[in-house]
Amino acid sequence: MKLDPELSLQILEKVGVYSNRFSIAEPKILLTTKEVLDTPKEMTEGRRTSAYKYYGVSYLQHNLVFINVRKIPDEKILENTIVHELIHMRFPYLAHGKRFNKLVRQGLKGKLFPPYRKRSKISAI
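The notes below deal with the structure included here.

### Overview of the environment of Val104
Note on placement: Val104 falls in helix H4 (residues 98–108). Considered as a pair, Val104 and Tyr59 are 45 residues apart in the sequence and their alpha carbons are 18 Å apart. In this structure, Val104 is in contact with Asn80, Val83, His84 and Ile87, ignoring residues within four places of it in sequence.

In structure tokens:
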């Protein structure tokens, strides 16, 4: 897809809507590989120079998401990528797999997720 101001605005609106549904803070969004490279190295460590290979990358520690608009072929994949990356932010302990993909599908269908809470450890008496 070709990045223009209208598409940038659409992406930011979708990120805002899905962030609210997933009960997470709205992440900072990067839309070009140049923005990734211009971001401080410590923020994009790990997937800095390889980010261009992916549709999207989540940098969980810094509440930062890269959406590789140039690589994404159509609006359906764009929306799927946005939801996919935000599911990473909402469920940071979850790796790709069946449960992860189910959560992405639920997110695309409009499911609301309560805020993340760490489980409390119940001590045996």
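### Focus on the packing of helix H3 (residues 75–90) against H4
At their nearest, the axes of H3 and H4 sit 9 Å apart, and the two run at 120° to each other. Here H3 is positioned oblique relative to H4, judged by the angle of their axes. Judged by the twist between their axes, the crossing of H3 over H4 is right-handed. Residues Glu79, Asn80, Val83, His84, Ile87 and His88 of H3 touch H4, and the partners they reach there are Phe100, Leu103, Val104, Gly107 and Leu108. Among the residues forming the contact of H3 with H4, the class breakdown is 6 nonpolar, 4 polar and 1 charged.

### A word on the side chain of Thr81
Examined against the element boundaries, Thr81 turns out to sit in helix H3. If sequence neighbours within four positions are ignored, Thr81 has contacts with Tyr55, Gly56, Ile67 and Ile72.

### Quick look at the pairing of strand E3 (residues 64–67)
Of the two faces of E3, the one holding Leu64 and Phe66 and the one holding Val65 and Ile67 are both buried throughout. In the sheet, strand E1 (residues 28–30) pairs with E3 via 3 bridges, with the strands oriented parallel. Paired with Leu30 across the bridge in E3 is Phe66. Pairing of strand E2 (residues 56–59) with E3, which is carried by 4 bridges, proceeds in the antiparallel orientation. Looking at the pairing, Gly56 lines up with Ile67 of E3.

### Notes on the nonpolar core
Residues Ile11, Phe22, Ile67, Ile82 and Ile87 are the most contacted members of the largest nonpolar core, which totals 24 residues. Examining the composition of this core, we find that 6 residues originate from one element, H3, more than from any other. Ignoring any residue separated from it by four or fewer positions in sequence, one finds Phe22 in contact with Val83, Leu86, Ile87, Arg90, Gly107, Lys111, Phe113 and Pro114. Counting 7 residues, the second-largest nonpolar core is a separate cluster that includes Val36, Val57, Tyr59 and Leu64.

### So, the sheet that holds E3
Strand order in the open sheet formed by 3 strands is E1-E3-E2, and the pairing between neighbours is mixed. Taken across any chain shown, the strands that pair with only one partner, and hence form the sheet edges, are E1 and E2. Direction aside, the axes of adjacent strands within the sheet are offset by 20° on average.

About the criteria used
Residues numbered from 1 in each chain as written. Predicted model: local features only at pLDDT ≥ 70, side-chain atom pairs only at ≥ 80, totals over all residues. Heavy atoms only, no water. Helix = DSSP H or I, 4+ residues; strand = E, 2+ residues; numbered from the N terminus. Contact = heavy atoms within 4.5 Å. Axes fitted to C-alpha atoms, helices over the stretch in contact; angles between N-to-C directions. Parallel < 35°, antiparallel > 145°, perpendicular 65-115°, else oblique. Left-handed = near helix turned anticlockwise from the far one by under 90°. Nonpolar A, V, L, I, M, F, W, Y, C, P; charged D, E, K, R; others polar. Buried < 20%, exposed > 50% of the residue type's maximum accessible area, 1.4 Å probe, protein only. Pairing = 2+ DSSP bridges. Core = buried A, V, L, I, M, F, W, Y, C linked by side-chain atoms within 4.5 Å.

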